[in-house]
Amino acid sequence: MAVAPALAPPHEYPTFGLPSGSIRGILSVLICSFFWIVLLFPAGTTITVPLGHFFLLTLVFLAFASHPGTDARTSAVLPWLMRVVFVGGSAAVVAFAIWKDPELAAARLTPGTNEISQWPVLLGCLAGGFGVALFLRFVIGRNHNLFLSIRAWVGTVAMMLLFVETILQFLVLPNVAEKNLEALKIWEGIIIAVVAGYFGSRA
């Protein structure tokens, strides 16, 4: 009896031509670096991690998820270097912060009580962004040029949003007397949805 040949996995076209996993690695470094900055801030500064960033942190675990492919670039150095950076950097910063002042580190990693009620909306943004990306991939096709273009643009926008968020939280907002909390909630939701969308497109 003839045995049917196994179907080859679909050919992947990584975003910007970078090795598969590179964009997820860069996004993960940007997400983790926010926590690093908060933990390394001078002791006299009152600062905590916004609740939305903990939802972003859950996406970091997906940076290790990958699908087998025929592209040899999937074993390139860059994705693994990014993983070493955000895992090793996070471990080093957290260990240093706890060694220096465990109570301060715990306080800075505890979101404000006024943010806790936002978790259903933030979770919805996370699930929505991720789910929409999966749906588009299913409808359009993983390797369709349209989907690849959308994925590349979402990855670009996600990196820009995370970079702007870092500048906003550490350089702009500390100098603003009256903050528009509603606008900040919407801003957080947009960031979470877009970043989750890219991770969803690569899941």
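The present account deals with the structure reproduced in this document. Please read these numbers as outputs of a predicted model, since none were measured by experiment. (Residues numbered from 1 in each chain as written. Predicted model: local features only at pLDDT ≥ 70, side-chain atom pairs only at ≥ 80, totals over all residues. Heavy atoms only, no water.)

Remarks on the overall build of the protein
Stage number 1. The helix and strand tally for the protein stands at seven helices and zero strands.
Stage number 2. Listed N to C, the secondary structure of the protein is α-α-α-α-α-α-α in terms of helices and strands.
Stage number 3. Considering only residue pairs separated by 6 or more positions, the protein has 85% of its internal contacts joining residues 24 or more positions apart.
Stage number 4. Counting every atom, the protein has about 11,300 Å² of accessible surface; 74% of that belongs to carbon and sulfur. (Helix = DSSP H or I, 4+ residues; strand = E, 2+ residues; numbered from the N terminus. Contact = heavy atoms within 4.5 Å. Areas by Shrake-Rupley, 256 points an atom, 1.4 Å probe, with all protein chains shown as cover.)

Re the pattern of salt bridges
Stage number 1. This model, assessed by the stated rule, comprises one salt bridge.
Stage number 2. Residue Glu182 pairs with Lys185 through a salt bridge whose shortest N-O separation is 3.3 Å. Of this pair, Glu182 and Lys185 both sit in helix 7 (residues 181-202), three residues apart, which is roughly one turn of the helix.
Stage number 3. When its relative accessible area of 34% is taken as the criterion, Lys185 is described as partly exposed. (Salt bridge = Lys/Arg side-chain N within 4 Å of Asp/Glu carboxyl O. Buried < 20%, exposed > 50% of the residue type's maximum accessible area, 1.4 Å probe, protein only.)

Considering the packing of aromatic side chains
Stage number 1. Counting across every chain of the model gives four aromatic pairs.
Stage number 2. Relative to Phe54, the ring of Phe35 has its centre 5.4 Å away and its plane inclined at 80°; by these criteria the two rings are edge-to-face. Taken together, the positions of Phe35 in helix 1 (residues 22-40) and Phe54 in helix 2 (residues 51-60) put the pair 19 residues apart, joining distant regions of the chain.
Stage number 3. Take Phe35: its relative accessible area is 8%, and that puts it in the buried class.
Stage number 4. In this structure an aromatic cluster arises from ring pairing among Phe34, Phe41 and Phe170. (Phe/Tyr/Trp six-rings, centres within 6.5 Å; stacked < 30°, edge-to-face > 60°.)

Keep in mind that these numbers describe shape and distance, not what the molecule does.
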